[in-house]
Amino acid sequence: MSAECPECGSKVELPEDAVENEILECALCGVELEVISLSPPTLELAPEEKEDWGE
Amino acid sequence: MNSQSEERKVRLGLLLSNIRLEEKLLIQEAQRRPDVELTLVDSREIVLDLQNERSLDVLLDRDISQSRAMHALQLFQNSGVKTINSYEAVRVGGDKLLTSKALHDAGIHTPRVRVAFTPESALSAIEEMGYPVVLKPVDGSWGRLMAKIENRIAAEAILEHKSHLSSYFHSVFYLQEWIQKPGRDIRAFVIEGETICAAYRVSDHWLTNAARGGRAMECAVTPELHQLCVRAARAVSGECLAIDLMETSNGFTVHEVNCAMEFKESLKAVKADIPARIIDYCIKAARAAQHQKEYQHV
């Protein structure tokens with residue numbers, strides 16, 4: 001299962017156990033991506049880090 | 001499955017937005033448990049009212065947004081859902097000043113802290129504390145916007161920059177004593193009053209956060225470390241969290257607690273199955289919540 005990186009256009013392989021909203025990294029351009037849909041596999045740029053993000 | 005056993009399933013909610021490796025492991029772990037009915041509660045999609053829903057036994061907070069988590073937990077908790085951690089624990093753990101106060105009040109060794117609200121008073125506090133000193137946002141994480149201030153010139157520049165940042169919270173100047181640590185600090189995981197494992201976070205940089213490149217190495221949980229971490233967890237009313245400590249010539253000093261803790265780096269070094277232990281605890285807490293509700297309806 002693969003989808004297109006919206007940043008660089010390369011093919012990104014999704015893991016077999018991918019879930020919606022999972023964060024992935026494009027191996028080519030390094031940008032963080034969010035799995036928006038599994039059917040069809042669709043990626044968007046992950047949300048940018050916010051000030052209140054953390055643990 | 002008969003209706004009786006179906007009824008006894010544990011209704012576990014995961015409050016989250018972005019799904020990182022930690023959340024994925026927790027989801028997979030929960031899905032492996034036959035007695036768990038899992039609901040993903042995406043904080044980007046929910047709309048809560050003051051009564052909000054009660055269709056969960058337990059809500060585990062894994063939201064990357066601390067402000068969304070805090071408000072959501074308060075509403076779920078007020079409507080009778082057991083939340084892990086509690087709203088109170090997340091409020092204290094998400095604020096470095098409240099954390100320092102809670103640790104101090106519990107008699108736990110923690111770095112000396114001063115708080116000031118203007119650049120001028122912050123500069124006075126820094127001069128009184130002595131250099132170097134660490135300036136942190138009260139509500140930050142991952143080592144973000146932290147500064148090690150080595151002299152007065154740097155202090156004046158950083159304080160001026162901070163006072164021009166958009167959020168007022170950057171004008172709450174949280175100053176922490178500089179601790180000379182041995183190229184590492186410790187992250188220990190506490191679940192339900194037990195320190196289940198710990199890892200050193202090793203780095204050549206003074207910031208040892210995993211988010212800043214800190215590497216994990218296993219750290220033995222000694223009785224001293226176990227007891228201190230349990231006391232720190234209790235001080236913030238946390239049930240399932242990570243305690244960050246530094247080693248000093250006078251023993252450990254606790255500098256942070258993390259309620260929705262990250263553990264992917266630590267998993268490389270520790271033997272404990274952290275996600276399994278978290279889900280174990282959620283199930284146990286959910287069963288207790290179910291029994292309590294049944295008792296109330298007798």
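All values derive from a computational prediction rather than experimental measurement.

Visitor: Sorry if this is basic, but what is going on with the side chain of Lys181(B) here?
Guide: Residues and elements named next belong to chain B. Relative to the elements of secondary structure, Lys181 occurs in the loop between strand 8 (173-177) and strand 9 (184-191). Buried charged residue Lys181 carries no salt bridge. Nearest counter-charge: Asp185, at 4.1 Å. Polar contacts involving the side chain of Lys181 include one to the main-chain carbonyl oxygen of Trp206, which spans 3.0 Å. Apart from residues lying up to four places away in sequence, Lys181 is in contact with Trp206, Thr208, Met246 and Glu247.

Visitor: Got a minute to help me understand the layout of surface pockets in this structure?
Guide: Vacant regions in the atomic arrangement are exposed by a probe of water-molecule size rolled over the atoms. Looking at the largest pocket, its volume works out to about 740 Å³. Considering the residues around the largest pocket, the lining is formed by 31 residues, among which Glu32(A), Arg20(B), Trp142(B), Glu262(B) and Lys264(B) are closest to the centre. In the lining of the largest pocket, the residues fall into ten nonpolar, six polar and 15 charged. Roughly 400 Å³ of internal volume is contained in the second largest pocket. Lining the second largest pocket are 15 residues, with Met70(B), Gly94(B), Asp95(B), Asp139(B) and Phe169(B) sitting closest to its centre. Looking at the lining of the second largest pocket, the elements with two or more residues in it are helix 3 (66-78) and helix 4 (87-93) of chain B. Here the element with the most residues in the lining of the second largest pocket is helix 3 of chain B; it accounts for three residues. Of the residues in the lining of the second largest pocket, the class split is six nonpolar, four polar and five charged.

Conventions and cut-offs
- Residues numbered from 1 in each chain as written.
- Chains lettered and ligands numbered in written order.
- Predicted model: local features only at pLDDT ≥ 70, side-chain atom pairs only at ≥ 80, totals over all residues.
- Heavy atoms only, no water.
- Helix = DSSP H or I, 4+ residues; strand = E, 2+ residues; numbered from the N terminus.
- Buried < 20%, exposed > 50% of the residue type's maximum accessible area, 1.4 Å probe, protein only.
- Lys, Arg positive; Asp, Glu negative; His and termini not counted.
- Salt bridge = Lys/Arg side-chain N within 4 Å of Asp/Glu carboxyl O.
- Polar contact = N/O pair within 3.5 Å; in protein donor to acceptor, adjacent residues only side chain to side chain.
- Contact = heavy atoms within 4.5 Å.
- 1 Å grid on protein atoms, 1.4 Å probe; cavity = no way out; pocket = protein on both sides within 12 Å on 5 of 7 lines; lining within 4 Å.
- Points joined across faces, edges and corners; volume = space filled by probe spheres on them.
- Nonpolar A, V, L, I, M, F, W, Y, C, P; charged D, E, K, R; others polar.

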